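Coordinate analysis (summary)
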Amino acid sequence: MSESSAEVVADVASAAVAVSAAGAAGGWRRATGIAGVAIGVVAAGAAAGVALERMTVGRGMRQKARLALDSAGPYGSLRGMPGKAFADDGTELYYEVDEVDPEAAPAAIGPRRRRLFGRKSPAPVTVVFSHGYCLSQDSWHFQRAALRGVVRTVHWDQRSHGRSARGVAQGRDEPVTIEQLGRDLKAVIDAASPEGPLVLVGHSMGGMTVMALADQYPELIRERVVGVAFVGTSSGRLGEVNYGLPVAGVNAVRRVLPGVLKALGQRAELVEKGRRATADLFAGVIKRYSFASRDVDPAVARFAERMIESTPIDVVAEYYPAFNDHDKTEALAHFADMPVLVLAGVHDLVTPSEHSEAIADLLPDAELVLVPDAGHLVMLEHPEVVTDRLADLLTRTGAVPAGATVKGYGSTSTAQPG
């Protein structure tokens, strides 16, 4: 980290303290701008300080550029058959199903798939995608585009994210837990895919959700799950992540951030105004903690920014404590006898690749893929790599025939003999 970056980190830590003090003194309107800084820190998934690039373009020009990028590209535009599931506390969970296109899927089912499922006409495999913190089902845009029509998929929004409803239990001031998210996933599976084999794919918090599902419903994993992919996630010890900060910076942020978030969540309306006022800073935060390569498509970066900034501050605040309590290392044993993909960006500052290596160490037959020049949102930054490895996993599970190939990021076809 450069000297200037370290100074910014120190400034952010000081800002967090200032927000807390301002709240106690009732000076919330004066602290609104600082609140935007603190929100950007967490909403990027970092939950810690920030190193920012210097801005060289006028604010008005940057605002016009954001508006132009909002209308560029099809990112997040894919839609499927909508459905609703209901969590055990009554929360309405939104999901979409993309069915197999008979014209895209080959009529013949290979002998390997028949052996795997034990019958000549197996129930279609359903691939269930779970997204990460402050994102939505749209974060899988590229993979969804590539697999569409070839395999049945379910994409869902975690509670209080995307199109799902605000958590009912959280309305009663009950904390969010990773265990609750595992039960939410079970409700979605029961509604969207009540029978047949499953492949579970989870990014970041979504991977933790999959682990929580296994911990609470081992019989479901044993009887129906035929493969799993963990992308940029962790089985525990997230409290030790330093987010690329010096020791002094990360310690300061950890000390003040929980209290700051709680206070900010209680003043959501004022804070959201501050968040909009600090959009330029917010964009820098997202770039820092989402991507590692310098040549990320600006429209993709803006797409990620839109997803993250759409997560209300009170949702950001109520989820944050759950990560420090997350420990699902023992649950990984339920995936030991099936094809597993563990994939991470080498430069992920949110869930460092060492956490993926730790998962792979506990699942020695898993395929471990570490993507160079990639950050936390690896499925958006290097979509072709993630899609290719997912396609290979689906082939190994029998979800797609061996002839299926992925072309780029937007289409999948079945190779025909020449």
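For the structure given in this document, a descriptive report is provided here. (Residues numbered from 1 in each chain as written. Predicted model: local features only at pLDDT ≥ 70, side-chain atom pairs only at ≥ 80, totals over all residues. Heavy atoms only, no water.)

Let us look at helix H13 (residues 298–309). Along its 12 residues, H13 runs 16 Å from first to last C-alpha, staying within 8% of the 16 Å computed at 1.5 Å per residue. Where H13 begins, the side chain of Asp 297 points an oxygen toward the backbone nitrogen of Ala 299, at a separation of 2.9 Å. (Helix = DSSP H or I, 4+ residues; strand = E, 2+ residues; numbered from the N terminus. Expected span 1.5 Å × (residues − 1). Polar contact = N/O pair within 3.5 Å; in protein donor to acceptor, adjacent residues only side chain to side chain.)

Next up on the list: the environment of Tyr 75. Structurally, Tyr 75 can be placed in the loop between helix H3 (59–70) and strand S1 (81–86). According to the relative accessible area criterion, Tyr 75 is buried, its value standing at 12%. Every residue in contact with Tyr 75, bar those within four places of it in the chain, is listed here: His 141, Phe 142, Asp 297, Ala 299, Val 300, Phe 303 and Arg 306. A polar atom in the side chain of Tyr 75 sits 3.0 Å from the side chain of Asp 297. (Buried < 20%, exposed > 50% of the residue type's maximum accessible area, 1.4 Å probe, protein only. Contact = heavy atoms within 4.5 Å.)

With that settled, the discussion passes to the sheet that holds strand S5 (residues 198–203). The strand order across the open sheet built from 8 strands is S1-S2-S4-S3-S5-S6-S7-S8, with neighbouring strands paired in mixed fashion. Looking at strand neighbours, the two that pair on one side only are S1 and strand S8 (367–371), the edges of this open sheet. Averaged over all pairs of adjacent strands, the angle between their axes in this sheet comes to 20 degrees, without regard to strand direction. Pairing analysis gives 5 bridges linking strand S3 (residues 126–130) to strand S4 (residues 152–156), with the strands arranged parallel. Among the inter-strand pairings, Ser 130 is bridged to a residue of S4, identified as Trp 156. Together, strand S6 (225–231), strand S7 (340–345) and S8 form the strand contacts of helix H15 (residues 353–362), whose direction differs from that of S7 by roughly 165 degrees. Sitting on the sheet, helix H17 (residues 383–397) touches S3, S5, S6, S7 and S8, and the angle it makes with S7 is about 175 degrees. (Pairing = 2+ DSSP bridges. Axes fitted to C-alpha atoms, helices over the stretch in contact; angles between N-to-C directions.)

The subject of this paragraph is H17. Since the α-helix packs 3.6 residues into each turn, any two residues three or four apart lie on the same face. With 15 residues, H17 should reach 21 Å at 1.5 Å per residue; the first-to-last C-alpha distance of 21 Å fits that figure. Once H17 ends, the next one or two residues include Gly 398, with phi positive near 90 degrees.

It is worth spelling out the side chain of Ser 204 at this point. Relative to the assigned elements, Ser 204 resides in the loop between S5 and helix H8 (205–216). Judged by its relative accessible area of 6%, Ser 204 falls in the buried class. A distance of 3.1 Å separates polar atoms of two side chains, one belonging to Ser 204 and the other to His 376.

With that settled, the discussion passes to the side chain of Ser 235. Along the chain, Ser 235 falls in the loop between S6 and helix H10 (247–265). In terms of polar contacts, Ser 235 uses its side chain to reach the side chain of Thr 329, at 3.5 Å. With near-sequence residues (within four places) excluded, Ser 235 lies in contact with Met 211, His 326, Asp 327, Lys 328, Thr 329, Leu 332 and Ile 359.

Positive phi is not limited to glycine here, since Cys 134 has a value of about 65 degrees. Positionally, Cys 134 belongs in the loop between S3 and helix H5 (141–147). Its relative accessible area of 0% is what places Cys 134 among the buried residues. Here Arg 237, not a glycine, exhibits a phi torsion of approximately 65 degrees, which is positive. Along the polypeptide, Arg 237 turns up in the loop between S6 and H10. Its relative accessible area of 60% is what places Arg 237 among the exposed residues.

Now for the environment of Pro 74. Summarising the element assignment, Pro 74 is placed in the loop between H3 and S1. Using a relative accessible area of 46% as the deciding quantity, one classes Pro 74 as partly exposed. Separated by 229 residues in the primary sequence, Pro 74 and Phe 303 place their C-alpha atoms 9.6 Å from one another.

Across 5 bridges, S7 lies against S8 in parallel orientation. Note on S8: the bridge partner recorded for Leu 343 is Val 369. Considered for its hand, the β-α-β crossover made up of S7, H15 and S8 is right-handed. (Right-handed = clockwise from strand over helix to strand, strands pointing away.)

Bringing the pattern of salt bridges into the picture now. A side chain with one charge can pair with a side chain of the opposite charge if their charged atoms come near. Taken as a whole and judged by the stated rule, the model has 24 salt bridges. Note that Asp 98 is salt-bridged to Arg 144, the shortest N-O span being 2.9 Å. Residue Asp 98 is found in strand S2 (residues 92–98), and its partner Arg 144 is found in helix H5; the two are separated by 46 residues along the sequence. Residue class for Asp 98 comes out buried when judged on its relative accessible area of 4%. Relative accessible area serves as the criterion here: at 4%, Arg 144 is assigned to the buried category. The network of salt bridges with shared partners includes Arg 79, Glu 96, Asp 98, Asp 138, Arg 144, Arg 148 and Arg 163. (Salt bridge = Lys/Arg side-chain N within 4 Å of Asp/Glu carboxyl O.)

This part covers a nonpolar patch on the surface. A contiguous nonpolar patch, built from Val 346, Leu 368 and Leu 370 and spanning about 200 Å² of accessible area, is present on the exposed surface. As for its position among the elements, Leu 370 is in strand S8. (Patch = residues over 30% accessible without salt bridge, like charges linked within 9 Å, V, L, I, M, F, W, Y side chains within 5 Å. Areas by Shrake-Rupley, 256 points an atom, 1.4 Å probe, with all protein chains shown as cover.)

Under the counting rule described, the total for this entry stands at 6 aromatic pairs. Seen from their ring centres, Phe 230 and Phe 335 are 5.5 Å apart, and the 80 degrees between their planes marks the pair as edge-to-face. Here the residue Phe 230 occupies a position in strand S6, and Phe 335 occupies one in the loop between helix H14 (313–325) and S7, the gap between them amounting to 105 residues. With a relative accessible area of 0%, Phe 230 lands in the buried category. Relative accessible area serves as the criterion here: at 0%, Phe 335 is assigned to the buried category. Among the aromatic residues, those joined into a ring-pair cluster are Tyr 75, Phe 142 and Phe 303. The aromatic ring of Tyr 217 is capped on one face by Lys 186, whose charged end is 5.2 Å from the ring centroid. A cation sits over an aromatic face here: Arg 288 above Tyr 289, 5.6 Å from the ring centre. (Phe/Tyr/Trp six-rings, centres within 6.5 Å; stacked < 30°, edge-to-face > 60°. Lys NZ or Arg CZ within 6 Å of the ring centre and 35° of its normal.)

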